[in-house]
Amino acid sequence: MTKKIATREAYGAALVELGRKNPGVVVLDADLSKSTKTHDFNKNFPERFFNVGIAEQNMMGTAAGLAAAGKIAFASTFAVFATGRVYDQIRNSIAYPRLNVKIGATHAGITVGEDGASHQAVEDIAMMRCLPNMTVFVPADAVETRAAVLAAAEIDGPVYLRLGRSGVPVLHDENNFTFEPGRAITMRQGQDAAIIACGIMVHAALEAAEVLAGRGISVQVLDMHTIKPLDVDAVVEAARATGAVVTAEEHTINGGLGGAVAEVLVENYPVPMRRVGVRDTFGESGKPRELLEKYGLTATDLVRAVQEVLQCKGK
Amino acid sequence: MSGQAEKLAQLRGRARQIRRHIISMVGEAGSGHPGGSLSAADIVTALYFDVMRVDPQKPQWPERDRFVLSKGHAAPVLYAALAERGYFPVEDLKTLRKLGSPLQGHPDMRKTPGVEMSTGSLGQGLSAANGMALAGKLDGLDYRVYVLLGDGEIEEGQIWEAAMAAAHFKLDNVIAFLDYNGLQIDGPVEEVMSAEPVADKWRAFGWAVQEIDGHDMEQILAAVAQARETRGKPSLIIARTVKGKGVSFMENEVGWHGAAPKPEQVEQALAELGE
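Residues numbered from 1 in each chain as written. Chains lettered and ligands numbered in written order. Predicted model: local features only at pLDDT ≥ 70, side-chain atom pairs only at ≥ 80, totals over all residues. Heavy atoms only, no water.

**Here we look at the overall build of chain B**
Here's step 1: In terms of regular secondary structure, chain B is built from 10 helices and 7 strands.
Here's step 2: Since a compact globule built from 275 residues should have a radius of gyration of about 19 Å, the 17 Å found for chain B is in line with a globular shape.
Here's step 3: Long-range contacts, defined here as pairs at least 24 residues apart, represent 75% of the contacts in chain B between residues at least 6 apart.
Here's step 4: With the model as given, the accessible surface of chain B reaches about 10400 Å², and the carbon-plus-sulfur share is 49%.
Here's step 5: Charged side chains in chain B number 29 positive and 37 negative. The centres of these two groups are separated by 5 Å. (Helix = DSSP H or I, 4+ residues; strand = E, 2+ residues; numbered from the N terminus. Rg over C-alpha atoms; globule rule 2.2 N^0.38 Å. Contact = heavy atoms within 4.5 Å. Areas by Shrake-Rupley, 256 points an atom, 1.4 Å probe, with all protein chains shown as cover. Lys, Arg positive; Asp, Glu negative; His and termini not counted. Charge placed at Lys NZ, Arg CZ, Asp CG, Glu CD.)

**A word on the pattern of salt bridges**
Here's step 1: Applying the stated criterion across every chain yields a total of 28 salt bridges over all chains.
Here's step 2: Measuring nitrogen to oxygen at the nearest pair gives 2.4 Å for the salt bridge that ties Asp139 of chain B to Lys71 of chain A. Separated into two different chains, Asp139 of chain B in the loop between helix H5 (125-138) and strand E2 (145-150) and Lys71 of chain A in the loop between helix H4 (56-68) and strand E4 (72-78) make up a pair that spans both.
Here's step 3: Asp139 of chain B sits in the partly exposed class, given a relative accessible area of 37%.
Here's step 4: Assessed through its relative accessible area of 8%, Lys71 of chain A is described here as buried.
Here's step 5: The partner of Glu308 of chain A in a salt bridge is Arg274 of chain A, with the nearest N and O atoms 2.8 Å apart. Remark: Arg274 of chain A occurs in strand E14 (residues 273-278) and Glu308 of chain A occurs in helix H13 (residues 299-313); sequence separation between them is 34 residues.
Here's step 6: Within the structure, one salt-bridge network assembled from shared partners comprises Glu180, Arg183 and Asp231 of chain A. (Salt bridge = Lys/Arg side-chain N within 4 Å of Asp/Glu carboxyl O. Buried < 20%, exposed > 50% of the residue type's maximum accessible area, 1.4 Å probe, protein only.)

**As for the domain arrangement of chain A**
Residue and element names in this part refer to chain A.
Here's step 1: Partitioning chain A into structural domains gives domain 1 (4-169) and domain 2 (185-313).
Here's step 2: The C-alpha centroid of domain 2 is placed 25 Å from the C-alpha centroid of domain 1.
Here's step 3: The interface is formed by 31 residues belonging to domain 1 together with 36 residues belonging to domain 2.
Here's step 4: A buried area of about 2400 Å², summed over both sides, lies between domain 1 and domain 2, and 58% of it is on carbon and sulfur atoms.
Here's step 5: When the buried area of domain 1 at its contact with domain 2 is split by residue, Ile110, Val122 and Arg129 rank highest and sum to 29% of it.
Here's step 6: Where domain 1 packs against domain 2, one counts 1 salt bridge.
Here's step 7: With a shortest N-O distance of 2.9 Å, Arg129 and Glu263 are connected by a salt bridge.
Here's step 8: Counting across the domain 1 and domain 2 interface gives 18 residue pairs in polar contact (both at pLDDT 80 or more).
Here's step 9: Elements that contribute at least two residues to the side of domain 1 that touches domain 2 include exactly helix H7 (124-129), strand E6 (135-137) and strand E8 (167-169).
Here's step 10: Ranked by residues supplied to the side of domain 1 that touches domain 2, first place goes to H7 with 4 residues.
Here's step 11: Residue classes in the side of domain 1 that touches domain 2 are distributed as 16 nonpolar, 8 polar and 7 charged. (Domains from an automatic or database assignment. Buried area = accessible area lost by both parts, 1.4 Å probe. Polar contact = N/O pair within 3.5 Å; in protein donor to acceptor, adjacent residues only side chain to side chain. Nonpolar A, V, L, I, M, F, W, Y, C, P; charged D, E, K, R; others polar.)

**Quick look at the packing of aromatic side chains**
All names here are of chain B.
Here's step 1: In this structure the tally under the stated criterion is 9 aromatic pairs over all chains.
Here's step 2: Between Trp160 and Trp202, the ring centres sit 5.0 Å apart and the planes meet at 45°, which makes this aromatic pair tilted. Of this pair, Trp160 sits in helix H6 (residues 157-168) while Trp202 sits in helix H8 (residues 198-204); the two residues are 42 residues apart in sequence, bridging distant segments of the chain.
Here's step 3: On the basis of relative accessible area, Trp160 is assigned to the buried category, the value being 16%.
Here's step 4: Judged by its relative accessible area of 0%, Trp202 is buried.
Here's step 5: Residues Trp202 and Trp207 carry aromatic rings whose centres are separated by 4.9 Å and whose planes lie at 85° to one another, so their mutual orientation is edge-to-face.
Here's step 6: The exposure class assigned to Trp207 is buried, which follows from its relative accessible area of 2%.
Here's step 7: Taken together, the aromatic side chains of Trp160, Trp202, Phe205 and Trp207 make up a single cluster linked through ring pairs. (Phe/Tyr/Trp six-rings, centres within 6.5 Å; stacked < 30°, edge-to-face > 60°.)

**Thoughts on the UniProt feature "domain: Transketolase-like pyrimidine-binding" (unreviewed entry) in chain A**
Here's step 1: According to UniProt, the feature "domain: Transketolase-like pyrimidine-binding" (unreviewed entry) maps to residues 5-170 of chain A in the numbering used here.
Here's step 2: Helix makes up 42% of residues 5-170 of chain A and strand 20%, whereas the separation of the span's terminal C-alpha atoms amounts to 7 Å. (UniProt positions renumbered as here; feature names shortened; annotations may be inferred.)

**Points about the sheet that holds strand E1 (residues 66-69) of chain B**
Residue and element names in this part refer to chain B.
Here's step 1: Taken in spatial order, the 5 strands make up an open sheet running E1-E2-E3-E7-E6, and their pairing is parallel. The open sheet is flanked by E1 and strand E6 (208-213), the only strands paired with a single partner. Direction aside, neighbouring strands of the sheet carry axes that sit 20° apart on average.
Here's step 2: Docked against the sheet, H5 engages E1, E2 and strand E3 (174-180), running at close to 170° with respect to E2. (Pairing = 2+ DSSP bridges. Axes fitted to C-alpha atoms, helices over the stretch in contact; angles between N-to-C directions.)

**A few points about the interface of chain A and chain B**
Here's step 1: Facing 26 residues of chain A, the contacting portion of chain B comprises 25 residues.
Here's step 2: Broken down residue by residue, the surface that chain A buries against chain B is led by Phe50, Asn58 and Tyr96 of chain A, which jointly contribute 24%.
Here's step 3: Viewed at the interface, chain B and chain A are joined by 1 salt bridge.
Here's step 4: Taken together, the connections running from chain A to chain B amount to 12 residue pairs in polar contact (both at pLDDT 80 or more).
Here's step 5: Mapped onto the side of chain A that touches chain B, the elements with two or more residues apiece are strand E3 (49-51), H4 and helix H6 (87-95) of chain A.
Here's step 6: Ranked by the residues each element gives to the side of chain A that touches chain B, the list is headed by H4 of chain A, at 9 residues.
Here's step 7: Classifying every residue of the side of chain A that touches chain B by side-chain character gives 11 nonpolar, 9 polar and 6 charged.

Written out as structure tokens, the structure reads:
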């Protein structure tokens, strides 16, 4: 059984590590520091931690001001509040002036679970992806989250970090892992189809590839941890090598990873494609596992999508 | 003339020059916001020519005082002050709002030297000022952050989030001016959305509040001096102003919020403002 760690846990730990390394790092939260795990940073560096209360707009603006004065500001809250609630603040006070604000968005996707649709961000990638100057990371596990947090601090400009609430299996080897923003990681080689996945769906993609391998179908799996800038070369290469692409994300199929990959393929190398994700609907209360099943985000759904896309390909 | 009287006379002359620039540049651009730029001209002049510790040769000097124009549509008054102060050539003011110009319709900190924050979407500047003020305290720097808010702008909820936070964090290095000219796009502030009693609200939020005539240079300087002495809380200076101040046909006319004067109106305005 693989070890499970929530990416928000890794976020909290990485912030502390970063705080030790870089005195210019400051962290903001909007009354959710126990949930977003920024309270660890607060414990270690109270003078560099600002709890702005339940006031996300002001948090984003304050983070912008801190960044304008030379700080690297990590503003943290749940993904629904870190995007839609403050879209204009991010657009005008952060992205447009290209300020060094890193948005730590936890509890993204439907796996936030029982709180229901109001707390399940399924459109946040789309919103952040269309903002000029914004980098968008969707790490798949704890190891990748740590690397993404450290990389975010090195990037000159805004970064959106999409993190989850629930524990997810650790896929990467922490002792032997290189993270390059904008460069997909090939998790598995294959010739018949490619699954391009992000976040928790990387794990489901690997499971699906294993099932399909048992049926004699060889599937490439890409961990697309950076949605923007997207690794265009990797997408085109996957399409060229396999002739069929499936995307997988814990997000609406509109405008997220699936949208980004589709845009690249249709302009560069059109092949049959399927997008696995939430199908243009809001979520509901339930256990994460139940929700993943109901909304079609399991390895089984990916197996089905690969089979469909192979049929289109003419196999 | 005494030193103080001479200084005040110089500042008044400078404010007149800045008003002339506002009229010329908005006229040249054919669009823009003269009304709220003219109402804030005396405040901005006082800040850039007497109050603030800045060095136009080193716009990024870490110890500089900051000015955030939260009501970003008043960009002309900021650009005029920056040009007069020597951040960029006065001739550049002619390029306002034109393609390729550093002088965007609303301030862009990446394009114009001296602009501290990109603004234009109302209600966001005070939060940014708070962030700058927090950074200053963290770094042990004694710079201050000056903010200019519009009286319509404070209808935005984020302003009150930021007001609460500035008091909570005891940001006595934040000094905000409220350009209280009484008019917003759709009409008198009192009719569109009254925030009265404004002074009481800010006091209740934990701010030190003063009320002055925003066109009286002496009162502006005195208020800033008092705000700078205030410890443990942020300061708000409610400046009673006249929208379109200095140009007879623009004064208190809501239509001049966002309209450019025609060439003959530019001439008349410049004649009224005098040398």
